[in-house]
Amino acid sequence: MDKKVNGEVDELTHENWLSVSRRCHYNTFIAQFYDEMSEEASTPIATRDGEIVYGKDPNLACRAERIRQCCKSWEFDTYEKAKIKNLIRVGRCHDRFCLNCQALEADQRYAQYAGVLDDYATEYDLYHVVLTVPNVTKEHVADTVALMLDRFAYLIRFFDGRKRVRGIDFGKYGYKGAVRELEITINREHNTFHPHLHTVFILKKDMYLPGVWWNGFSDDKRKRKPTRLFSELELLFQRLWCLLILRKKVTKYNIEHIGEATGYRDGFSCIADKTNGDYHEIFKYAIKGSFKEETLFSGDNFRVLYKALFNRRAYDTYGCLKKYDFNDVDEMLGLGSKDEIFEMYLSMLQRSEMPQRVKEALDEILKNTCEHAEERYKYISTAMYVRHFKALTEEEKSKVLDTILAD
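Everything quoted here is computed from the prediction, not taken from an experiment. (Residues numbered from 1 in each chain as written. Predicted model: local features only at pLDDT ≥ 70, side-chain atom pairs only at ≥ 80, totals over all residues. Heavy atoms only, no water.)

Trainee: Explain the side chain of Asn-215 to me, and be specific about the residues and the numbers.
Mentor: Within the secondary structure, Asn-215 is located in the loop between β7 (192–203) and α5 (232–245). A residue is classified by how much of its surface remains accessible, and Asn-215, at 5% relative accessible area, is buried. Within the local environment of Asn-215, its side chain forms a polar contact with the backbone nitrogen of Phe-217, the two atoms lying 2.8 Å apart. Once residues lying within four places of it in the same chain are set aside, the contact partners of Asn-215 are Phe-230, Leu-235, Gln-238 and Asp-266. (Helix = DSSP H or I, 4+ residues; strand = E, 2+ residues; numbered from the N terminus. Buried < 20%, exposed > 50% of the residue type's maximum accessible area, 1.4 Å probe, protein only. Polar contact = N/O pair within 3.5 Å; in protein donor to acceptor, adjacent residues only side chain to side chain. Contact = heavy atoms within 4.5 Å.)

If you want it as structure tokens, here you go:
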């Protein structure tokens, strides 16, 4: 996204709306799968006491219809003189497999919680830690996901001091808190599934953790990435995570002799990089990779993912972040919610005219934003502005504020 420092606001372009339309098209596949599963006796159903049973679930037919209608109707405040439409709300289904809802919630989650992480970044360093396991076949996806979520909670106990390992000093990393997000992608060539965790760890500021260690994960010829040297923290994650997933005893000896203890010479592939204010990966949604690769759109793959994610929380928080629920997103954030700088921008517009509330179908929006539209409107939203404004330098932010205040 290009930086604008003249007080202007990034707009939702025709290409953005085409992406929404494409997701609506893909949602027809999801709706079809829901319709089919509503008649299948093997569909998981959650009972009131939290137990999971299997049988026909007629509620899925209702979910199918909601997902078909999702994001077809939008509501805006229209500034006719300025030819600007500010997004207020959209008819949504909130389904975890709805590609539009999940994309919108990812932006809203970013707008709502990126500032929380930024606040901690003033006193701590934040690390994006990715924890993986070897790919699994469809029969083992659900059990593997359950194991990973359980073992991650156990891993936190080493960093927060509830579990100790003689000879290993976890305290030196100054753990303060963490958040984890689950994502599952599918290997099209081998039709295997790759569940992995994107996490942010809040650790001590300015630790010296140079990348000096080479191992079997350093060279990834398949993805043509350059050689990567790992830090001691990354080696610890690779080996500790492997021991936990394989339910091997965590000792200093087993960490140092991981190949002997597990049969995996270097443990499991894990990386840890400073976020430097970039939290994009942690705010993704669980099926984004599968959607991007279009591996989600087969009935078989969808059923595997549905069962693996059924009744699962996409996010969990720990330590200082425990008071925040990253699963809970303000539905209006990025639509009709408040942002101080954005409100100043709207106030500037309202000096010339007051907006009119209008509803538009997605097809109309596509016509109004295309290159040959008779009347071109600029479509904006709070979430777009927050993301754009956050990417600016302090000097650029000051210029934006000066421009708005001058007008």
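More follows now that the structure is in view.
Trainee: Can you tell me about the sheet that holds strand β3 (residues 73–79), naming the residues and giving the values?
Mentor: Spatially, β10-β3-β4-β11 is the arrangement adopted by the four strands of the open sheet, whose pairing is mixed. The strands lining the two open edges of the sheet, one partner per strand, are β10 (356–361) and β11 (378–380). Ignoring strand direction, the axes of neighbouring strands in this sheet form an average angle of 35°. The sheet contact formed by β3 and β10 spans six bridges and is antiparallel. Residue Glu-75 lies in a different strand from β10, and its bridge partner there is Lys-359. (Pairing = 2+ DSSP bridges. Axes fitted to C-alpha atoms, helices over the stretch in contact; angles between N-to-C directions.)

Trainee: If you had to explain the environment of Tyr-154 to someone new, which residues and values would you point to?
Mentor: Among the structural elements, Tyr-154 can be located in helix α4 (residues 141–159). Between the alpha carbons of Tyr-154 and Trp-241 there is a distance of 9.8 Å; along the sequence they are 87 residues apart.

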